[in-house]
Amino acid sequence: MKESGPEQNVNTGSGIPVAPVYHEPDAPPFVGTPGEFPFTRGIHPTMYRGRLWTVRQYAGFGTARDTNRRYRYLLDQGTTGLSVAFDLPTQMGYDSDHPMAAGEVGRVGVAVDSLEDMRVLFRDIPLDLVSTSMTINATAAVLLALYVALGDEQGVPRHKLRGTVQNDILKEYIARGTYIYPVEPSLRLISDVMSFCSREVPAWNTISISGYHMREAGATAPQEVAFTFANGLEYVERAISAGIPLEQFGPRLSFFFAAHNDVLEEVAKFRAARRLWALLMRERYGADDASCRLRFHTQTGGSTLTAQQPLNNVVRVTLQALSAVLGGTQSLHTNSFDEALALPSEESALLAVRTQQILAHESGVANTVDPLAGSYYVEALTDAIETRVREYLDRIQEGGGAAKAVDFMKEEIHQAAYRHQLEVEGGTRGVVGVNAFAEKKDSFQIQEPDYGALETAQRADLERTRARRDQGRVRSSLDAIRSAARTGDNLLPPMIQAVKHLVTLGEISDTLREEWGTYEEG
């Protein structure tokens, strides 16, 4: 369906004309102008009247073959960006035949061991025609190396590769747990990715600073923004210290937030985040507008989905997606209603895509920029969230920054999650179908994949890949990675060369484990 241009006349369903943007009549704009610093009302003057958000559905399960079929299906149904979910062994730097991978291969995402898997994952998907987001952190550099190597194979110039690696390791220590190396070498890897991409892959978003997983772990809306920004500022400092000019990497920073059920609080959260990031970047670094624009992806709240009465999740997801759109997101993933029970079915994944398309083309919320601006309640919430976020940031800065405040942020999230759980168990926070309007029996059935067969097939593929490699090239490639880890040279070039020789993700990760050790919780 064609998008409406910024100058095209748009009417409500009743024929009432809709202005591109609304201001307080006969007075200076009360919260600023869309597209102008500090971007409270949006990072672009026309927002969705000029271009809709990217419909970026998150998918990945089992083998690369299974996931490739789902990607091509989603693209056929109108998805405009891919988002890759990886299984736990891939996230933790283990090949599928490692003892630590037993029972986990393909369960929460796709297993990627080598360039062979990457070829299958993106079969019949030209990398110059899609934008690909990869939710990966500890092994982000390896996955980026695999993607760049595949692009080279396809003949795609590196400057045409578009996408994102999440690459946000601090939140793993705080809330999620898929870390490998100690803090300092992990931060060094992030700087290497930023430096490499600024030279070689300039359209790539080198980091997606993620509040989503902290929110899923129990953080409040202000905590989500505060701890995300604390981590973001730490990454900015590290990149500047590594000699990367702010104007090179600042405009490529992206963020990843959750959308939960309190619609108007979520809208205010997004608006406050956009304004505060702009102010922080200007206050601390004198950044230009390009580095002050908060570009963010949103995913609806996985932790809000219930296994009881799962069809209720369709309504939750719709409300959450609405808050993200009203808040001005640049891309959006809508969860499938059955995700609390198993991996999404094809039918539920399609419904999740259609939810976004109905919002875009039938609801009217995309017809004008920042439609809730000027609401007394929304503006008050925006201010209140910004104030609370600043208070947290001040405390973290006083403690030496995010890298030294991991335990503080973790404890704050634990306390918030505990309060939330007490409210649910005590009945003061209602969850429909769980502690309110519950039913004795829920007959909804889900068919799970045969994960044992998937693991066997993945291990067999990996064995065949290993059998046909040039072992001399494998050894020399790993030696080059080991040397770069010791000398401080950028690790991306030797990683790209290694994966082209079919060195596996686990072999690269083990080499770095030998050099750097692993993170031990204090």
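Rules and cut-offs
The residue numbers shown here count from 1 along each chain, following its written sequence. Given that this is a predicted model, residues contribute local features only at a pLDDT of at least 70 and side-chain atom pairs are listed and counted only at 80 or more, while totals for whole chains, interfaces and linings are drawn from all residues. Each side-chain value is worked out from all heavy atoms of the structure, with water and hydrogens disregarded. Numbering goes from the N terminus for both helices and strands, where a helix is a DSSP run of H or I of at least four residues and a strand is a run of E of at least two. Radius of gyration: C-alpha atoms only; globule rule: 2.2 Å multiplied by the number of residues to the exponent 0.38. Partly exposed residues are those whose accessible area sits between 20% and 50% of the maximum for their type, while under 20% is buried and over 50% is exposed, using a 1.4 Å probe and protein chains only. The contact criterion used throughout is that any non-hydrogen atoms of two residues lie within 4.5 Å. To be clear on the numbers: accessible area is Shrake-Rupley with a 1.4 Å probe, and residue cover counts the displayed protein chains and nothing else. His is not counted here, nor are the chain ends, while Lys and Arg score as positive and Asp and Glu score as negative. Positions of charges follow a simple convention, taking NZ of Lys, CZ of Arg, CG of Asp or CD of Glu. Expected span of a helix, by definition, is 1.5 Å for each gap between consecutive residues, and there is one gap fewer than residues. The pairing criterion is simple: DSSP has to find at least two bridges between the two strands. For helices, the fitted line uses only the C-alpha atoms of the stretch in contact; every axis is such a line through C-alpha atoms, and the angle between N-to-C directions lies from 0 to 180 degrees. Note on angle classes: values under 35 degrees are labelled roughly parallel, values over 145 roughly antiparallel, values of 65 to 115 roughly perpendicular, and the remainder oblique. Each crossing gets its handedness from the near helix: less than a right angle anticlockwise from the far helix is left-handed, clockwise is right-handed. Residues are called lining when one of their atoms sits within 4 Å of a cavity or pocket point, these points coming from a 1 Å grid over the protein atoms alone, where a cavity is a set in which a 1.4 Å probe fits but cannot get out and a pocket is an open set with protein on both sides within 12 Å along at least five of seven lines. Grid points are joined across faces, edges and corners, and a volume is the space filled by probe spheres set on the points. The nonpolar class holds Ala, Val, Leu, Ile, Met, Phe, Trp, Tyr, Cys and Pro. Asp, Glu, Lys and Arg form the charged class, and all remaining residues, Gly among them, are polar. Any Lys or Arg side-chain nitrogen found within 4 Å of a carboxyl oxygen on Asp or Glu counts as a salt bridge. Nonpolar core, defined: a set of buried Ala, Val, Leu, Ile, Met, Phe, Trp, Tyr and Cys residues in which side-chain atoms within 4.5 Å join the residues together. Residues adjacent in sequence count toward polar contacts only when both atoms are side-chain atoms; beyond that, a polar contact is any pair of N or O atoms within 3.5 Å, and within protein one must be able to donate a hydrogen and the other to accept it.

Asker: Honestly, the overall build of the chain in this entry has me stumped. Any pointers?
Answerer: In terms of regular secondary structure, the chain is built from 19 helices and 11 strands. The globule rule puts the C-alpha radius of gyration for 522 residues at 24 Å, and the 23 Å found for the chain is close to it. Overall, the chain is about 75 × 60 × 50 Å in size when its C-alpha atoms are taken along their principal axes. Counting only residues that meet the buried cut, the chain has 56% of its 522 residues in that class. Residue pairs in contact within the chain that sit at least 24 positions apart in sequence constitute 78% of those at least 6 positions apart. A total accessible area of about 21500 Å² is found for the chain, and carbon and sulfur atoms account for 50% of it. For the chain, the distance from the average position of its 52 positive side-chain charges to the average position of its 67 negative side-chain charges is 3 Å.

Asker: Would you mind going over helix H10 (residues 263-285) with me for this structure?
Answerer: With 23 residues, H10 ought to run about 33 Å at 1.5 Å a step, and its terminal C-alpha atoms sit 33 Å apart, in line with that. Looking one or two places after H10, you find glycine 286, whose phi comes out positive at around 60 degrees.

Asker: How should the pairing of strand S8 (residues 207-210) be read in this particular structure?
Answerer: Moving residue by residue along a regular strand, the side chains alternate between the two faces of the sheet. Of the two faces of S8, both are covered, the one formed by Ile207 and Ile209 as well as the one formed by Ser208 and Ser210. Where S8 lies against strand S9 (residues 253-259), 4 bridges are found, and the strand directions are parallel. From the neighbouring strand, isoleucine 209 faces S9, where its bridge partner is phenylalanine 255.

Asker: Is there a simple way to think about the packing of helix H6 (residues 183-200) against helix H8 (residues 221-241) in this case?
Answerer: Two packed helices can be described by the angle between their axes and the distance between those axes. Two elements in contact, H6 and H8, have axes separated by 10 Å at closest approach and are oriented at 70 degrees. On the basis of the axis angle, H6 is roughly perpendicular to H8. The handedness of the crossing between H6 and H8 comes out as right-handed. From H6, Glu184, Leu187, Ile190, Ser191 and Met194 reach across to H8, where they touch Tyr235, Arg238 and Ala239.

Asker: Sorry if this is basic, but what is going on with the environment of lysine 500 here?
Answerer: Mapped onto the elements, lysine 500 comes out in helix H18 (residues 492-500). Note: C-alpha distance between lysine 500 and alanine 467 (33 residues apart in sequence) is 15 Å. Residues in contact with lysine 500, not counting those within four places in the same chain, are Leu115, Ala149, Asp152 and Arg158.

Asker: Looking at this structure, I do not really get the sheet that holds strand S4 (residues 81-85). What am I missing?
Answerer: The strands making up a sheet are joined through hydrogen bonds of the backbone, oriented either antiparallel or parallel. Pairing is parallel across the open sheet formed by 9 strands, whose spatial order is S7-S6-S5-S4-S3-S11-S10-S9-S8. Both edges of this open sheet fall to strand S7 (204-205) and S8, since each of them pairs with a single strand only. Packing of helix H4 (residues 140-154) onto the sheet brings it into contact with strand S5 (131-135), strand S6 (162-165) and S7, and relative to S5 it is tilted by some 155 degrees.

Asker: What is the right way to read empty space enclosed by the protein from this model?
Answerer: To find leftover empty space, a probe the size of one water molecule is rolled over the atoms. All chains considered together, the criterion is met by 3 cavities of 30 Å³ or more. What the largest cavity holds in volume is close to 90 Å³. Around the largest cavity, the lining is made up of 15 residues, and of these Met47, Val325, Leu326, Gly328 and Asp370 lie nearest the centre. Among the secondary structure elements, those contributing two or more residues to the lining of the largest cavity are H10 and helix H12 (312-326). Of the residues in the lining of the largest cavity, the class split is 7 nonpolar, 4 polar and 4 charged. Contributing to the lining of the second largest cavity are Asn137, Ala138, Ala140, Ala141, Asn167, Ile169, Tyr181, Ser186, Leu189 and Ile190. When the residues that make up the lining of the second largest cavity are grouped by side-chain class, the tally is 7 nonpolar, 3 polar and no charged.

Asker: Is there a simple way to explain the environment of alanine 360 in this structure?
Answerer: Locating alanine 360 in the fold gives a position in helix H13 (residues 346-361). Sequence separation between alanine 360 and leucine 322 is 38 residues; the distance between their C-alpha atoms is 9.7 Å. When neighbours within four sequence positions are excluded, alanine 360 is seen to be in contact with Leu52, Trp53 and Ala366.

Asker: Whenever I open this one, the pattern of salt bridges confuses me. Can you help?
Answerer: When their charged atoms lie close together, side chains carrying opposite charge are able to pair. Counting across every chain of the model gives 38 salt bridges. Across the pair arginine 464 and aspartate 461 runs a salt bridge, and its minimum N-O distance is 2.3 Å. Placement of the pair is arginine 464 and aspartate 461 together in helix H16 (residues 451-467), with a separation of 3 residues, close to one helical turn. Given a relative accessible area of 52%, arginine 464 falls into the exposed group. By relative accessible area, aspartate 461 is classed as buried at 15%. A single network of salt bridges, built from pairs that share partners, joins Asp95, Asp97, Arg466, Arg469 and Glu507.

Asker: Teacher, can you tell me more about the nonpolar core here?
Answerer: One broad rule of soluble globular proteins: the nonpolar side chains tend to lie buried together. If you look at the biggest cluster of nonpolar residues, it comprises 136 residues, and the most contacted ones within it are Trp53, Met118, Phe122, Met134, Phe229 and Met495. No other element matches the 11 residues that H4 contributes to this core. Not counting residues up to four positions away in its chain, the partners in contact with phenylalanine 122 are Asn68, Leu82, Val84, Leu127, Thr132, Tyr147, Leu150 and Gln154.

Asker: Would you explain the layout of surface pockets in this entry?
Answerer: Of the volumes computed, that of the second largest pocket is approximately 950 Å³. Along its surface, the second largest pocket is lined by 34 residues, and His260, Asn261, Thr304, His420 and Arg429 are the ones closest to its centre. The greatest single-element share of the lining of the second largest pocket, amounting to 7 residues, is contributed by helix H15 (residues 406-426). Class assignment for the residues of the lining of the second largest pocket results in 13 nonpolar, 12 polar and 9 charged.

Asker: Which parts of the structure should I look at to understand the packing of H8 against helix H14 (residues 376-398)?
Answerer: Their axes nearest at 9 Å, the elements H8 and H14 cross at an angle of 45 degrees. When the interaxial angle is binned, H8 and H14 end up oblique. Where H8 crosses over H14, the handedness of that crossing is right-handed. Residues Pro222, Gln223, Val225, Ala226, Phe227, Phe229 and Ala230 of H8 pack against Ile385, Arg388, Val389, Tyr392, Leu393 and Ile396 of H14. Across the contact of H8 with H14, the residue classes break down as 11 nonpolar, 1 polar and 1 charged.

Asker: I would appreciate a short explanation of helix H17 (residues 471-487) in the present structure.
Answerer: Since the α-helix advances by 3.6 residues per turn, residues separated by three or four positions end up pointing in the same direction. Compared with the 24 Å implied by 1.5 Å per residue over 17 residues, the 24 Å span of H17 between its first and last C-alpha is a close match. On the buried face of H17, the contacting elements are H6, H18 and helix H19 (505-516). Two to three positions downstream of the cap, the backbone nitrogen of glycine 472 sits 3.0 Å from a side-chain oxygen, assigning the N-cap of H17 to aspartate 470. Glycine 488 sits one or two positions beyond H17 and adopts a positive phi of about 90 degrees.

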